[in-house]
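Coordinate inspection notes
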Amino acid sequence: MKLSVISDGHFRLDGGAMFGVVPKVIWERKAPADEQNRIRLAAASILVEIKGKKILIDTGMGDKWSKKERTIFAIEQPPTLVESLARRGITPDEIDYVILTHLHFDHSGGGTRRDDDGMLVPSFPNARYVVQKREWYAATHPHDRNRASYREENFRPLEAAGLLDIIDGDVEVMKGIRCRLSGGHSVGHQIILLEGREGVACHLGDECPTRAHLPGPWVMGYDLDPLRAMQQKTRYSEEGQELGWVMIAAHDPEQPFFRLSRNEKGRLVGKALEEKTLEL
């Protein structure tokens with residue numbers, strides 16, 4: 001199993017919202033804010049190559065944003081996801097699966113695009129898009145608390161094209177790739193376990209968006225169920241440290257791949273790996 005970081009650029013979100021109840025004087029030591037209190041985040045997809053198949057985990061922000069929205073989120077593109085794949089000699093038609101940890105715009109945005117006629121179409125026409133049943137319901141029946149996070153342009157075209165695989169709970173998509181329903185950040189959020197011959201990687205999605213979010217109480221104001229998000233992050237991080245997993249925090253602005261250890265106080269700390277392509 002080969003894992004590669006595929007960039008869809010960078011963007012910025014409010015630092016206070018990203019760190020919830022943690023005071024700015026503390027979180028800003030790890031994530032400096034700009035003059036609008038925004039912190040820089042990666043919009044990274046993970047390409048998994050196994051047994052001749054190519055799988056993407058999440059699709060970043062996409063490029064369907066207006067000029068005003070690009071300013072609000074300080075979107076830094078190029079590269080887009082498709083451009084980053086092209087640099088590796090991979091075309092959109094070659095992607096077999098797209099696994100979405102959840103359907104918020106910064107994870108599902110690159111899954112659709114506008115064609116030459118301005119119509120919304122899937123970015124990866126031969127891929128099956130894997131989404132949790134609860135997440136699909138949440139995205140298609142939003143309420144005032146989560147409405148701003150879901151944009152129908154990112155997922156309705158997948159339904160229209162018949163490319164959706166809606167799963168319910170813990171599912172092995174293919175040998176070595178397991179989806180684990182976690183909840184927490186969103187109702188149908190899922191964590192992805194990647195099991196190779198020589199090791200395991202754990203994609204935490206937005207249960208732990210950056211390495212700075214490793215401490216238990218450092219959860220986002222965006223989390224619908226912050227206590228559950230904290231519990232899931234702690235559960236998988238502790239297991240990952242004990243078993244030597246590679247952990248993946250795809251919003252980390254520098255490097256999503258890291259390993260865990262404990263410091264002199266027994267607290268979990270993450271050390272970034274140097275490589276942006278790994279073999280398991």
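Residues numbered from 1 in each chain as written. Predicted model: local features only at pLDDT ≥ 70, side-chain atom pairs only at ≥ 80, totals over all residues. Heavy atoms only, no water.

1. So, the overall build of the chain
Helix and strand counts for the chain come out as 8 helices and 16 strands. Relative to the compact-globule value of 19 Å for 280 residues, the chain shows a C-alpha radius of gyration of 17 Å, a close match. Counting every position in the chain, which comprises 280 residues, the buried fraction comes to 55%. In the chain, of all internal contacts separated by at least 6 residues, the share reaching a separation of at least 24 is 67%. Only carbon and sulfur atoms are counted for the fraction: they give 48% of the accessible area of the chain, which is about 12,600 Å². The distance from the centre of the 39 positive side-chain charges to the centre of the 42 negative ones in the chain is 3 Å. (Helix = DSSP H or I, 4+ residues; strand = E, 2+ residues; numbered from the N terminus. Rg over C-alpha atoms; globule rule 2.2 N^0.38 Å. Buried < 20%, exposed > 50% of the residue type's maximum accessible area, 1.4 Å probe, protein only. Contact = heavy atoms within 4.5 Å. Areas by Shrake-Rupley, 256 points an atom, 1.4 Å probe, with all protein chains shown as cover. Lys, Arg positive; Asp, Glu negative; His and termini not counted. Charge placed at Lys NZ, Arg CZ, Asp CG, Glu CD.)

2. Quick notes on the packing of aromatic side chains
Applying the stated rule across the entire model yields 6 aromatic pairs. Consider the rings of Phe 73 and Phe 105, whose centres lie 5.3 Å apart with planes at 55 degrees: the pair is tilted. Of this pair, Phe 73 sits in the loop between helix H3 (67-72) and helix H4 (81-87) while Phe 105 is found in helix H5 (residues 105-108), placing the two residues 32 residues apart along the sequence. Judged by relative accessible area, which is 17%, Phe 73 ranks as buried. (Phe/Tyr/Trp six-rings, centres within 6.5 Å; stacked < 30°, edge-to-face > 60°.)

3. Re the pattern of salt bridges
This model, assessed by the stated rule, comprises 14 salt bridges. The closest approach of N and O atoms between Glu 172 and Arg 178, which form a salt bridge, is 3.6 Å. Put simply, Glu 195 and Arg 178 hold a salt bridge, and the shortest N to O gap is 3.0 Å. With Glu 195 in strand E11 (residues 190-195) and Arg 178 in strand E10 (residues 177-181), this pair connects stretches of sequence that are 17 residues apart. Given a relative accessible area of 31%, Arg 178 falls into the partly exposed group. Beyond isolated ion pairs, a larger network of salt bridges with shared partners links Glu 69, Arg 114, Arg 151 and Glu 153. (Salt bridge = Lys/Arg side-chain N within 4 Å of Asp/Glu carboxyl O.)

4. Details of helix H6 (residues 133-140)
Turning to H6, its buried residues are Glu 135, Trp 136, Ala 138, Ala 139 and Thr 140. On its buried face, H6 is in contact with strand E7 (128-132), helix H7 (156-160) and strand E8 (164-167).

5. Re a positive patch on the surface
Among the surface-exposed residues, Lys 133, Arg 134, Arg 228 and Arg 235 lie close enough to one another that they form a single positively charged patch. Of all the elements in the fold, those that place two or more residues in the positive patch are H6 and helix H8 (226-243). Tracing the backbone shows Arg 228 in helix H8. With relative accessibility at 32%, the residue Arg 228 sits in the partly exposed group. (Patch = residues over 30% accessible without salt bridge, like charges linked within 9 Å, V, L, I, M, F, W, Y side chains within 5 Å.)

6. Re H8
Spanning 18 residues, H8 covers 26 Å between terminal C-alpha atoms, matching the ideal 26 Å at 1.5 Å per step. Listing the buried residues of H8 in full gives Ala 229, Gln 232, Lys 233, Tyr 236, Ser 237 and Gly 240. On an axial view of H8, the arc spanned by its buried residues comes to 120 degrees, and they lie on one face. Each element contacted by the buried residues of H8 is listed here: E10, E11, strand E12 (200-203), strand E13 (246-248), strand E14 (257-262) and strand E15 (268-272). Where H8 ends, the next residue or the one after it, Gly 244, has phi of about 75 degrees, a positive value. (Expected span 1.5 Å × (residues − 1). Arc of directions from axis to C-beta.)

7. Describing the side chain of His 102
Assignment of secondary structure puts His 102 in the loop between strand E4 (97-99) and H5. Looking at His 102, its side chain comes within polar contact range of the side chain of Asp 206, at 3.3 Å. Leave out the neighbours within four places in its chain, and His 102 touches Asp 58, His 107, Ser 108, Glu 135, His 185, Ser 186, His 189 and Asp 206. (Polar contact = N/O pair within 3.5 Å; in protein donor to acceptor, adjacent residues only side chain to side chain.)

8. A closer look at the sheet that holds E15
Ordered by their spatial adjacency, 7 strands build an open sheet running E9-E10-E11-E12-E13-E14-E15, and the pairing between neighbours is mixed. Each having just a single partner strand, strand E9 (171-174) and E15 make up the two edges of the open sheet. Between one strand axis and the next, the sheet turns by 30 degrees as a mean value, whatever way the strands run. Relative to E11, E10 runs antiparallel, the two sharing 5 bridges. (Pairing = 2+ DSSP bridges. Axes fitted to C-alpha atoms, helices over the stretch in contact; angles between N-to-C directions.)

9. What about the nonpolar core?
Of all hydrophobic cores here, the largest spans 26 residues; its most connected members are Leu 3, Val 48, Ile 177, Leu 194 and Phe 257. Residue assignment for this core shows that the elements contributing at least two residues are strand E1 (2-14), strand E2 (38-50), strand E3 (53-57), E9, E10, E11 and E13. Considering every element that reaches this core, the biggest residue donor is E2, with 4 residues. Ignoring sequence-local partners within four residues, the contact set of Leu 194 consists of Met 1, Leu 3, Val 48, Ile 57, Gly 176, Ile 177, Gly 199, Val 200, Ala 201, Ile 248 and Leu 280. Counting residues in each nonpolar core, the second largest holds 22 residues, with Leu 56, Val 131, Trp 136 and Leu 164 among its members. (Core = buried A, V, L, I, M, F, W, Y, C linked by side-chain atoms within 4.5 Å.)

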